[in-house]
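# Commentary on secondary and tertiary structure
For reference, the chains in residue letters:
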Amino acid sequence: MSKQKKNLLTLLGLFALLAVVLVLYFFVPRGEENDVQTADSDTEETITVDAIDSESIVSLSVEKDGEPLLALEKEGENWKFSGEKKIPLDEEAVTDLLSVFQTVEASGTLEYDSDRLSEYGLDNPSMSIYVTTSDNKKYLYDLGSQVPVKGGYYGLDSKEDAIYFMEESLYTSMDINPNSLIQQDELPEIEESYMTYLNVDNKKGDDFEAKVVSEQERVAAYSRWNITKPYDRPLATSTLEWGTTLGYFNTLTFNELVEYGTDNLKQYGLAQPASDITVTYYEAKKGYTPEADSSDTDTSADGASTEADSSEETPEIPEKYRKYKTLRLLIGDKKGEEYYVCLKGSNNVYTMSEAVVENMTQLDAYEAMDHTVYSTLATDIDGYDVTYGSTTMKITRTPVEESEDTSEDEKSEESGSDDTSLTNEHQNIWRLNGKKISAEDEEDFLTPYSSAYLLEFTAKAKDSVKPASKKPVLTFVYHEENRDVTVKYLPYDGTNFYRVDKDGMDYFLVDKRSVDDIITKFKGIERLG
């Protein structure tokens, strides 16, 4: 390497070293030299700056970067915002805030020098905290720059006899949104089994409505709920998915209070909300304990025995002990990953998370509905009529009641047969077009019904599809105890699907091959009648 090149590298190295020295000189507080010389600064000892009984505090004010952040004062036993005494505060939240003054701690000190306060950010503090107690003692804490390496903030107290390394918790505890101290509107925790009505009225998109109905109104005998919107005809709810749907509404929480008592809901999109949610539910009346009296049998509003519906986790409440309530929640504009919301009739605006809001407002009736076409067991109906082509078959079921005194001969006589296996095992007499089905033929006889029992809706129908014929290819009329249910399977696209008409509800499709297979199976048992 040439001598000239070596000199150049040496010169560059010196420039780099000079730059490092200048950075250390101008950007590292020169008081750090004192840190080494001060005995307290090198120890891990915790210094108690003040210990204030938080219950004795009567006022607190906080300034951040020279601007007022928070001002509280105690009025009697209650805390209020200074100058805003009508706003109710959450006493528990205020108590938690004041607890930080029980012990104000520092991790070290520096010698106080008024000429060097700017080196620690204490000439213009990033935060100033003022505390007054009931005996008129006043406390001041100025917090400046953050302490390098050690952590916390350079700080002064009202005595100004030392510069402290204040614990970071003092700053973070006071650096709050004052709205977080306001008493929020209460959102109830609703037991899913005590809900009776749900409605989501959307400005855009489909509305959704579901309600608990009487036994006579139920689309499916096993489903207490009917979905009544967005379709004109009601749908039964899914035993698997409906709990998930109700779960979107039973435990709601606000994220934060945006504005208390606003006179301008319009700026949040809440004057004409994007969605209006209504949940009706009931609770136990005051003085009634469901756990203690859950065995009480009464008839509920939905027509079901409360004893049958009760469980160890959620005991049923008899109708006479119920207190009905309604939750109304309005959804406004979206802000980032949150929505503005408020309770109906309230002028307090909150935020709620995007996921929570959209789970409630974007419900899909097809996802929440029961996808089985008709899934009542054959042994739970009186019988049914089935028609395909020009053939109609009438199937009836006669239950045989058995008592302890009934002899084998009597059972055999009741059944009209010497073979008692059918009545003993199944306790039903089946007839096809009036002719009794023998025990040997029963399995074949019940197979077509079992196949129909398994049919499920597979897709939504499109009105734009125009079938060549509107005549049903297969029709069932199921005879339940108090009503008949008619299910028709209609031509659709001629290839993959049939359209289902269940008591006039014809919004969905089933697999064509499955229905054709059922027709074939019914043809196979014609001989039994």
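If you're wondering where the values come from, they're calculated on a predicted model, not measured in any experiment. (Residues numbered from 1 in each chain as written. Predicted model: local features only at pLDDT ≥ 70, side-chain atom pairs only at ≥ 80, totals over all residues. Heavy atoms only, no water.)

### With respect to the sheet that holds strand β7 (residues 138–146)
- Read from one edge of the open sheet, 9 strands run β1-β5-β9-β8-β7-β6-β2-β3-β4, paired in antiparallel fashion. Of all strands in the sheet, those bounded by a partner on one side alone are β1 (47–50) and β4 (78–81). Here the average twist between neighbouring strands, direction ignored, is 30 degrees.
- The pairing of β7 with strand β8 (residues 153–157) spans 4 bridges and is antiparallel. Looking at β8, one finds that D142 is bridged to L156. (Pairing = 2+ DSSP bridges. Helix = DSSP H or I, 4+ residues; strand = E, 2+ residues; numbered from the N terminus. Axes fitted to C-alpha atoms, helices over the stretch in contact; angles between N-to-C directions.)

### Here we look at helix α13 (residues 512–524)
- Spanning 13 residues, α13 covers 19 Å between terminal C-alpha atoms, matching the ideal 18 Å at 1.5 Å per step.
- Buried within α13 are the following residues: K512, V515, I518, I519 and F522. When α13 is viewed along its axis, its buried side chains cluster within an angular range of 125 degrees and face the same direction. Across α13 from its buried face, at more than 90 degrees, point the exposed residues R513 and T520.
- For α13, the N-terminal cap is D511; the gap from its side-chain oxygen to the backbone nitrogen of R513 is 3.4 Å. (Expected span 1.5 Å × (residues − 1). Buried < 20%, exposed > 50% of the residue type's maximum accessible area, 1.4 Å probe, protein only. Arc of directions from axis to C-beta. Polar contact = N/O pair within 3.5 Å; in protein donor to acceptor, adjacent residues only side chain to side chain.)

### Structural notes on the sheet that holds strand β19 (residues 383–388)
- Spatially, β22-β21-β20-β19-β24-β25-β26-β27-β23 is the arrangement adopted by the 9 strands of the open sheet, whose pairing is antiparallel. The open sheet has two edge strands, β22 (435–436) and β23 (459–460), and neither has a second partner.
- Alignment of β19 against strand β24 (residues 474–479), held across 5 bridges, turns out to be antiparallel. Within β24, the position partnered with V386 by the bridge is F476.
- Across the sheet, α13 is in contact with β19, β20 (391–399), β24, β25 (484–491), β26 (497–502) and β27 (505–511); its angle to β27 comes to roughly 80 degrees. (Contact = heavy atoms within 4.5 Å.)

### Regarding the pairing of strand β15 (residues 275–284)
- The buried fraction of β15 is high, at 8 of 10 residues.
- In this structure, strand β10 (residues 195–202) lies alongside β15, joined through 7 bridges in antiparallel fashion. Bridge pairing links M195 to Y281 in β15.
- Sheet topology note: the β15/strand β16 (residues 322–335) ladder contains 10 bridges and is antiparallel. When the bridges of β16 are listed, E283 appears paired with K323.

### As for the environment of S346
- Inspection of the secondary structure assignment puts S346 in the loop between β17 (338–343) and β18 (349–353).
- For the pair S346 and L330, spaced 16 residues apart in sequence, the C-alpha to C-alpha distance is 9.9 Å.

### Thoughts on the confidence of the model for the protein
- Put simply, the protein has an average pLDDT of 86, and 83% of its residues get 70 or more.
- Here residues 30–42 is a poorly scored stretch, pLDDT under 50, and it has 25 contacts once near neighbours within four places are set aside; other chains count. (pLDDT = per-residue confidence, 0-100.)

### Observations concerning unusual backbone geometry
- Residue P230 is bonded to the preceding K229 through a cis peptide linkage, with omega at 15 degrees.
- Its place among the elements puts P230 in the loop between β12 (225–229) and β13 (235–236).
- For D65, which is not glycine, the phi torsion reads 50 degrees and is therefore positive.
- Tracing the backbone through its elements, the reader meets D65 in the loop between β2 (57–64) and β3 (67–75).
- Non-glycine residue V149 carries a positive phi angle of around 65 degrees.
- As for its placement among the helices and strands, V149 is situated in the loop between β7 and β8.
- Residue classification places V149 among the exposed residues on the basis of a relative accessible area of 92%.

### Some words on the packing of aromatic side chains
- Per the counting criterion, the structure on display carries 27 aromatic pairs.
- A centroid spacing of 3.9 Å and a plane angle of 5 degrees characterise the contact between F254 and Y350, whose relative ring orientation is stacked. Of this pair, F254 sits in the loop between α5 (242–250) and β14 (256–259) while Y350 sits in strand β18, and the two are 96 residues apart along the sequence.
- We classify Y350 as buried; its relative accessible area is 0%.
- Considering the side-chain rings of F476 and Y489, the 6.4 Å spacing of their centres and the 80 degrees angle between planes classify their relative orientation as edge-to-face. (Phe/Tyr/Trp six-rings, centres within 6.5 Å; stacked < 30°, edge-to-face > 60°.)

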